[in-house]
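So you can see what is in the structure, the chains are spelled out below.
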Amino acid sequence: MSSPMAALRRRLDPAAKAEAGVSLVELIVVMFITSIVLAIVGSMFINVANVTSNANGTNTRNAVAANVMNAMTKVISTASNNAVSGQDDPDPAIVSGTASALTIISYVDTSPTNPMPTRVTYRVDSAGQVFEDRVAGVVSGSFFVFTGATTSRPLGGPIVSSGLFTYLNKVGDVVTPGATGLSYAQRNTVASIRLNVVIANTTTTGTATGTNGNDPVQITNTVGMPNLILTGTDS
């Protein structure tokens, strides 16, 4: 039987203490602390990844919205009436117009020395992607006709198509399209178009309300058409 002094020496001996190893309680405490640290680090990583992803998504949607708005503004601001054979008054610049689609005659991207009009159509497909279709005008006698091939290009999306185009007369009142779009008389009174470009934060068309985690980007602009001759609007 060992003496009390021998037992005390063993307890104070560093080598003896090292040989004793780590107790079960100490191991459990270390594992518990490690799990807490890993949970904190993992949570921070997920939050940073989500913030980065959301920021990148917002930047992308901003770029798409700006591209759609710039393309439409460029075309609409250079819209012009189109003279037609057998008519004293030219046709309206707007060929057809609804809340989600527009066809217009414009002198966009034309030569200043030999200006030629282009018929431009904006449409939204079932996936919410905006497309621009162009048909270049060709001379037919003293007039221009649009019988050539159509060239198309995507502008981006997904867009919320409802309320994309709002038509305004010369005093700023809304001209509301009928079931089939603007009538001939209405097209003759439209002086500007308000564009409401909403790019949804979904892989489909989404909504403009921000529900279900949706975070759309919205740009609104009213584009005048200073080159128009508005018939039937003088009092």
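In this section: the overall build of the protein. Across its full length, the protein holds four helices and eleven strands. By residue count, 31% of the 235 residues in the protein fall in the buried class. In the form shown here, the protein has an accessible surface area of approximately 13900 Å², with 59% of it arising from carbon and sulfur atoms.

Attention now moves to the sheet that holds strand S2 (residues 102-106). In spatial order, the strands read S1-S2-S3-S4-S7; together these five strands make up an open sheet with antiparallel pairing. The outermost strands of the open sheet, each flanked by one partner alone, are strand S1 (94-97) and strand S7 (151-156). Averaged over all pairs of adjacent strands, the angle between strand axes in this sheet comes to 20 degrees, irrespective of strand direction. By the bridge criterion, five bridges tie strand S4 (residues 130-136) to S7 in an arrangement that is antiparallel.

What follows is about the side chain of threonine 103. Within the secondary structure layout, threonine 103 lies in strand S2. Of the polar contacts made by the side chain of threonine 103, one reaches the side chain of threonine 121; its length is 2.9 Å. When near neighbours in sequence (up to four residues on either side) are disregarded, threonine 103 contacts Ala93, Ile94, Val95, Ser96, Arg119, Val120 and Thr121.

This part is about the sheet that holds strand S11 (residues 217-224). Taking strand neighbours across the sheet as the criterion, the four strands line up as S9-S8-S10-S11 in an open arrangement whose pairing is antiparallel. Strand pairing shows two members of the sheet lacking a second neighbour, strand S9 (174-175) and S11, which therefore form its edges. Inspection of the sheet shows strand S8 (residues 165-168) paired to strand S10 (residues 192-199) by four bridges, in the antiparallel sense. Considered in S10, the bridge of tyrosine 167 is made with isoleucine 193.

This part is about the nonpolar core. Membership of the largest hydrophobic core comes to 33 residues, with the highest contact counts inside it found for Ile104 and Ile193. Sorting the residues of this core by element identifies helix H3 (24-76), S2, strand S3 (118-124), S8, S10 and S11 as the ones contributing at least two each. Of all the elements, H3 adds the most residues to this core, at eight residues. Excluding anything up to four places from it in sequence, isoleucine 193 contacts Ile76, Ile94, Leu102, Ile104, Phe165, Thr166, Tyr167, Asn221, Thr222, Val223 and Met225.

Along the chain, serine 80 falls in the loop between H3 and S1. For serine 80, the residues in contact, after removing those within four places along its chain, are Ala93, Ile105, Ser106, Tyr107, Asn227 and Leu228.

A few words now on the pattern of salt bridges. One pass over the full model with this rule turns up five salt bridges. Here arginine 134 and glutamate 132 are joined by a salt bridge, their closest N and O atoms 2.9 Å apart. There is no split in this pair, since arginine 134 and glutamate 132 are both buried. Connected through shared salt-bridge partners, Lys74, Asp109, Glu132, Arg134 and Arg153 make up one network.

Here serine 85 shows up in the loop between H3 and S1. Considering only alpha carbons, one finds serine 85 and phenylalanine 143, 58 residues apart in sequence, at a separation of 6.8 Å.

Before going further, it helps to examine a nonpolar patch on the surface. Judged by side-chain polarity, Val25, Val29, Phe32, Ile33, Ile36, Val37, Ile40, Val41 and Met44 come together as a nonpolar surface patch covering roughly 850 Å² of accessible area. As for its placement among the helices and strands, phenylalanine 32 is situated in helix H3. The exposure class assigned to phenylalanine 32 is exposed, which follows from its relative accessible area of 54%.

Rules behind the numbers
Residues numbered from 1 in each chain as written. Predicted model: local features only at pLDDT ≥ 70, side-chain atom pairs only at ≥ 80, totals over all residues. Heavy atoms only, no water. Helix = DSSP H or I, 4+ residues; strand = E, 2+ residues; numbered from the N terminus. Buried < 20%, exposed > 50% of the residue type's maximum accessible area, 1.4 Å probe, protein only. Areas by Shrake-Rupley, 256 points an atom, 1.4 Å probe, with all protein chains shown as cover. Pairing = 2+ DSSP bridges. Axes fitted to C-alpha atoms, helices over the stretch in contact; angles between N-to-C directions. Polar contact = N/O pair within 3.5 Å; in protein donor to acceptor, adjacent residues only side chain to side chain. Contact = heavy atoms within 4.5 Å. Core = buried A, V, L, I, M, F, W, Y, C linked by side-chain atoms within 4.5 Å. Salt bridge = Lys/Arg side-chain N within 4 Å of Asp/Glu carboxyl O. Patch = residues over 30% accessible without salt bridge, like charges linked within 9 Å, V, L, I, M, F, W, Y side chains within 5 Å.

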